[in-house]
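# Examining the three-dimensional arrangement
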Amino acid sequence: MNHARFFFAVFLFLAGCTAAQAPAPAADTPSPPAVSPSPALALEPVLAATAASTAEPTPLPPTLTPTPTAPAVQVCSPLVEHPIDELLLIVSDPYYRPPANNPEGRHHGVDFSYYRRGERESIAGTGVQAVLPGRVAMVLADSFPYGNVVIIETPRAALPPDLLEAAALEEGESLYLLYAHMEGAPLVQVGDPVEACQPLGAVGRSGNAGIAHLHWEARRGPQGTTFTDMQFYDTRAAQEQIDNYLLWRISGVYRHFNPLELLFPGRVFPTVTPTPRE
Ligand SMILES: [Zn+2]
């Protein structure tokens, strides 16, 4: 009996499929009504026409079901001429975790620099580009210590899961990436939307830089911040500029971490701490 029921059910199913397919000429119709320049807009009329042509609510094939997918986020090297897998070879000064008694201490970012690499005699003039898409949160020209510098904010919602985990952002926080010591005035303005790989300038030695290098910093902090002028280590700096610098650097509101963790998610970088002075 069970076998008989099964074969009968299969017969009904096949008959149902045939019946459902028969009155659906939309695919062969030379001029279907659902022609649109936008694929997203075209999908809905096609689904509606298919549903209307069937006598009973047959489930749609999975391929026609519009499912929201997370937007792919492009991640670029900060240096135009050096892909991500080359960067660890040209780190001239690593990220240091500051000592407990000196939050300003040592090095809040990572430096890239070299002499004589391949055809190049120096990193000077190499293009600097945005690692992630976002919004320009600060642009300074010839300031101290950062020189010609750009900060770009990438909101939490724009990060893919692996980068979100690497950045360890809390609710209401954004990722801020800083590109410093560029050769000339930055190519972007505060508030500009930025795409990944968008040119920001070129490697230089503006600000507090003995040699040409890119100083690249990553911080997590409250979303939507636009940073105004910040200066330090300069007797001409106004108090407001000093306060802005300290807010970014040591207030604890914008917490820095090794930016290389963003380019190599899951990789553990050794914690470098300054050698204590005796
Ligand atoms: Zn540096």
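Just so you know, the residues in each chain are numbered from 1, in the order the chain's sequence is written. The model is predicted, so local features are restricted to residues of pLDDT at least 70 and side-chain atom pairs to those at 80 or more, both for listing and for counting; the totals for chains, interfaces and linings are taken over all residues.

A few words now on the environment of Val194. Helix numbering and strand numbering both begin at the N terminus, where a helix is a DSSP run of H or I of at least 4 residues and a strand a DSSP run of E of at least 2. Examined against the element boundaries, Val194 turns out to sit in strand E9 (residues 193-194). Along the chain, Val194 and Pro133 lie 61 residues apart, while their C-alpha atoms are 5.2 Å from each other. Throughout, a pair of residues is in contact if the C-beta atoms placed from their backbones lie within 7 Å. If near-sequence neighbours (up to four positions away) are discounted, Val194 is found in contact with Ala130, Pro133, Gly134, Arg135, Val136, Ile152 and Val188.

Here we take up the environment of Met230. Among the secondary structure elements, Met230 is positioned in the loop between strand E11 (214-222) and helix H4 (239-249). Measuring from C-alpha to C-alpha, the distance between Met230 and Ile242 comes to 6.1 Å, with twelve residues separating the pair along the chain. Apart from the residues lying within four places of it in its own chain, the contact partners of Met230 are Ser143, Gln241, Asn244, Tyr245 and Trp248.

For the rest of this paragraph, the subject is the pairing of strand E6 (residues 134-143). Remember that side chains alternate between the two faces of the sheet whenever the strand is regular. Counting buried positions along E6 gives seven out of ten residues, so the element sits mostly inside the fold. Strands were regarded as paired on the criterion that DSSP finds at least two bridges between them. Summarising the sheet, E6 and E9 pair through two bridges and their orientation is antiparallel. Within E9, the residue paired with Arg135 across the bridge is Pro193. Pairing between E6 and strand E7 (residues 147-155): six bridges, direction antiparallel. Pairing of Val139 across the sheet is with Val150, part of E7. Hairpin connection of E6 to E7: three residues between the antiparallel strands. Comment: burial labels come from other C-beta atoms within 10 Å of the residue's own C-beta, placed from the backbone, where a count of 20 or more is buried, 12 or fewer is exposed, and between is partly exposed.

What follows is about the confidence of the model for the protein chain. Confidence of the prediction at every residue is given by pLDDT, a number between 0 and 100. With 73% of its residues at a pLDDT of 70 or more, the protein chain has an overall mean of 80. Across residues 6-55 the pLDDT falls below 50, and counting only partners more than four positions away or on other chains, this stretch makes 19 contacts in the model.

Time to look at the environment of Glu183. Residue placement: Glu183 occurs in the loop between strand E8 (173-182) and E9. On the basis of neighbour counts, which here come to 17 C-beta atoms within 10 Å, the residue Glu183 falls in the partly exposed class. Measuring from C-alpha to C-alpha, the distance between Glu183 and Gly207 comes to 9.8 Å, with 24 residues separating the pair along the chain. Apart from residues lying up to four places away in sequence, Glu183 is in contact with Gly125, Gly201, Ala202, Val203, Gly204 and Ser206.

Before going further, it helps to spend a moment on the nonpolar core. Core analysis: the largest hydrophobic core is formed by 48 residues, its most contacted members being Val128, Val149, Val150, Ile151, Ile152, Leu177 and Tyr179. Ranked by residue count, the leading element in this core is E8, at seven residues. Aside from chain neighbours lying at most four places away, what touches Val149 is Leu140, Ser143, Leu178, Tyr179, Ala180 and Met182. A set of buried residues drawn from Ala, Val, Leu, Ile, Met, Phe, Trp, Tyr and Cys, joined through C-beta atoms within 7 Å, is what defines a nonpolar core.

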